[in-house]
Amino acid sequence: MARSKKQPLRKCVVTQEMKPKKELIRVVRNKDGEVFVDQTGKQNGRGAYVSKNLDVIKQAEQKQSLNRHLNTKVDMSVYEDLRKAIEESSS
C-alpha cells in the first residue's frame, strides 16, 4: 500500500489561513536586505507567504503586511511581480 505524502501547510500573512504550500506565493528577504518573489520556494532568507489571489495582494499592499513580516520596506515592484506571478499561474 502506497502512503500519501503529507502536504506542507503554510499560513498566508494577510488572510491568516493555513493552505497547502502550492497554493501560496513566497516573498523572501535575503541577508543583503533584497526583497523578491521566490518562484521556487527554496531561496535562502526570511520568507512570507501570500495567497494566489489579486484581492489578497491588494490587501497586503494597503495594510503593509509584508513590511511587518519581513521587517523591511517592501518596494512596489514586488507587488507588481506578485501580480504577474498570479496572472501567469492562472493562464
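Residues numbered from 1 in each chain as written. Predicted model: local features only at pLDDT ≥ 70, side-chain atom pairs only at ≥ 80, totals over all residues. Heavy atoms only, no water.

## Remarks on the sheet that holds strand β3 (residues 24–29)
If you walk across this open sheet you meet the three strands as β4-β3-β5, and the pairing is antiparallel. The two strands at the open ends of the sheet, each matched to only one other strand, are β4 (35–38) and β5 (46–51). Here the strands of the sheet are splayed against their neighbours by 30 degrees on average, with no regard to which way each runs. In terms of strand pairing, β3 meets β5 through six bridges, oriented antiparallel. Within the sheet, the bridge partner assigned to I25 lies in β5 and is V50. Lying on the sheet, helix α3 (residues 76–90) is in contact with β3, β4 and β5; it crosses β3 at an angle near 155 degrees. (Pairing = 2+ DSSP bridges. Helix = DSSP H or I, 4+ residues; strand = E, 2+ residues; numbered from the N terminus. Axes fitted to C-alpha atoms, helices over the stretch in contact; angles between N-to-C directions. Contact = heavy atoms within 4.5 Å.)

## Re helix α1 (residues 54–63)
Since the α-helix packs 3.6 residues into each turn, any two residues three or four apart lie on the same face. Buried within α1 are the following residues: V56, I57, A60 and E61. Taken down its axis, α1 places every buried residue within 140 degrees of arc, on the same side. Facing away from the buried surface of α1 by more than 90 degrees, the exposed residues are D55 and Q62. Residues of α1 that are buried sit in contact with β5, α2 (65–70) and α3. Positive backbone phi, approximately 60 degrees, marks Q64, located one or two places after α1. (Buried < 20%, exposed > 50% of the residue type's maximum accessible area, 1.4 Å probe, protein only. Arc of directions from axis to C-beta.)

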